[in-house]
Amino acid sequence: MRAEDQFHLGLVVEDFEATLAEFSDAFGYEWCAEIGGAVPLTLPTGNAVLDISCAYSRTLPRLEIIRRVPGTLWEPAAGGGVHHVGYWSDDVDADAAELTRQGFVTEARRVGSGGAPFAFLRGPSGLLVELVDRVARPGLEKYWSHGGGTA
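Notes on the structure follow.

About the thresholds
Once a new chain begins, its residue numbering starts again from 1 and follows that chain's sequence as written. Totals for whole chains, interfaces and linings use every residue, but because this is a predicted model, local features are given only for residues with pLDDT of at least 70 and side-chain atom pairs only at 80 or more, for both listing and counting. Calculation of side-chain values draws on the structure's entire complement of heavy atoms; hydrogens and water are dropped beforehand. Within this document, salt bridges are pairs made up of a side-chain nitrogen of Lys or Arg and a carboxyl oxygen of Asp or Glu, the two lying within 4 Å of each other. Secondary structure elements are taken from DSSP: a helix is a run of H or I of four residues or more, a strand is a run of E of two residues or more, and numbering for both begins at the N terminus. Think of it in three bands: residues with accessible area under 20% of the maximum for their type are buried, residues over 50% are exposed, and the middle band is partly exposed, with areas taken using a 1.4 Å probe on protein chains only. The arc in question is the one spanned by the directions pointing from the helix axis to the C-beta atoms. Here a residue-residue contact requires only that any non-hydrogen atoms of the pair lie within 4.5 Å. Between any two strands, at least two bridges found by DSSP are needed for them to pair. For helices, the axis comes from a line fit to the C-alpha atoms of the stretch in contact; other axes are also lines fit to C-alpha atoms, and the angle between any two N-to-C directions lies between 0 and 180 degrees. By this rule, a helix spans an expected 1.5 Å times one less than how many residues it contains.

### Section: the pattern of salt bridges
Right, so step 1: Applying the stated criterion across every chain yields a total of 12 salt bridges.
Right, so step 2: Arg 67 is the salt-bridge partner of Glu 34, the closest N and O atoms lying 2.7 Å from each other. Of this pair, Glu 34 sits in the loop between α1 (16–27) and β2 (35–43) while Arg 67 sits in strand β4 (residues 63–67), placing them 33 residues apart in sequence.
Right, so step 3: Classification of Glu 34 as partly exposed rests on a relative accessible area of 38%.
Right, so step 4: On the basis of relative accessibility, which here comes to 28%, the residue Arg 67 falls in the partly exposed class.
Right, so step 5: Between Glu 107 and Arg 122 there is a salt bridge, with its nearest N and O atoms 2.7 Å apart. Taken together, the residues Glu 107 in strand β6 (residues 105–110) and Arg 122 in strand β7 (residues 118–122) connect sequence positions 15 residues apart.
Right, so step 6: Under the relative-accessibility criterion, Arg 122 is labelled partly exposed at 28%.
Right, so step 7: Residues joined by salt bridges that share partners form a network here, namely Arg 2, Glu 4, Asp 5, Asp 90 and Arg 134.

Below, the structure written as structure tokens:
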């Protein structure tokens, strides 16, 4: 992984629509259609299926605004800050293993089929990183350029 693989900042928010409007009004952000659905995950507590939805900005730098999922990793950051930093990965398993060797702890991973692999790992400093398999990039780029559709 390299610094240039970073492609978005994720914010989990209490009021989804108000947050989109706030960034649009204050900074001119334009948004893609909301996407999401049931995602099978492995969590430290075991396997779960969570309904996760978000909207990515069409505007750069890329933001991902995520609806809160109560009682999970997907809760707003303290003070409304950045929830995670997203990076492209050529091999999520290998990159996650390397981060684990560096002291990161896995908090969630997509399991099974039905979408590109991803993993969330928390670093020793508290930073939460999302690794997204680069196989998702063409679909996301199409989604970002058209402002909607399926990623």
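### Things to note about helix α3 (residues 137–146)
Right, so step 1: Among the residues of α3, Leu 140, Tyr 143 and Trp 144 are the ones counted as buried. Seen from one end, α3 has its buried residues packed into an arc of 95 degrees, which puts them on one side. In α3, those exposed residues whose orientation departs by more than 90 degrees from the buried face are Pro 138, Lys 142 and His 146.
Right, so step 2: The inward-facing, buried residues of α3 abut β1 (6–13), β2, β3 (46–56) and β5 (84–89).

### Topic: the sheet that holds β3
Right, so step 1: The 8 strands lie next to each other as β1-β4-β3-β2-β6-β7-β8-β5, forming a closed barrel whose pairing is mixed. The mean inter-strand angle of the sheet, taken between neighbouring strand axes irrespective of direction, is 35 degrees.
Right, so step 2: Pairing analysis gives 5 bridges linking β7 to strand β8 (residues 128–133), with the strands arranged antiparallel. Bridging across to β8, Ala 119 finds its partner in Leu 131.
Right, so step 3: α1 contacts β1, β3 and β4 of the sheet and is inclined by roughly 160 degrees relative to β4.
Right, so step 4: Along the sheet face, helix α2 (residues 92–101) touches β5, β6, β7 and β8 and points at about 160 degrees away from the line of β8.

### Some thoughts on α1
Right, so step 1: Here α1 is 12 residues long and its end C-alpha atoms lie 17 Å apart, about the 16 Å a rise of 1.5 Å per residue gives.
Right, so step 2: Along α1, the residues that are buried comprise Phe 16, Thr 19, Leu 20 and Phe 23. The arc that holds every buried residue of α1, seen down its axis, measures 100 degrees, which confines them to one face. In α1, the exposed positions angled more than 90 degrees off the buried face are occupied by Glu 22 and Asp 25.
Right, so step 3: In the core, the buried residues of α1 are packed alongside β1, β3 and β4.
Right, so step 4: Gly 28 sits one or two positions beyond α1 and adopts a positive phi of about 80 degrees.

### Side note on the pairing of β7
Right, so step 1: For β7, the tally of buried residues reaches 4 of 5 residues, placing the bulk of the element in the interior.
Right, so step 2: A loop of 5 residues connects β7 with β8, the two strands running antiparallel in sequence, and Gly 126 in this loop sits at a positive phi of about 105 degrees.

Honestly, that's just the spatial picture; any functional story needs more than this.
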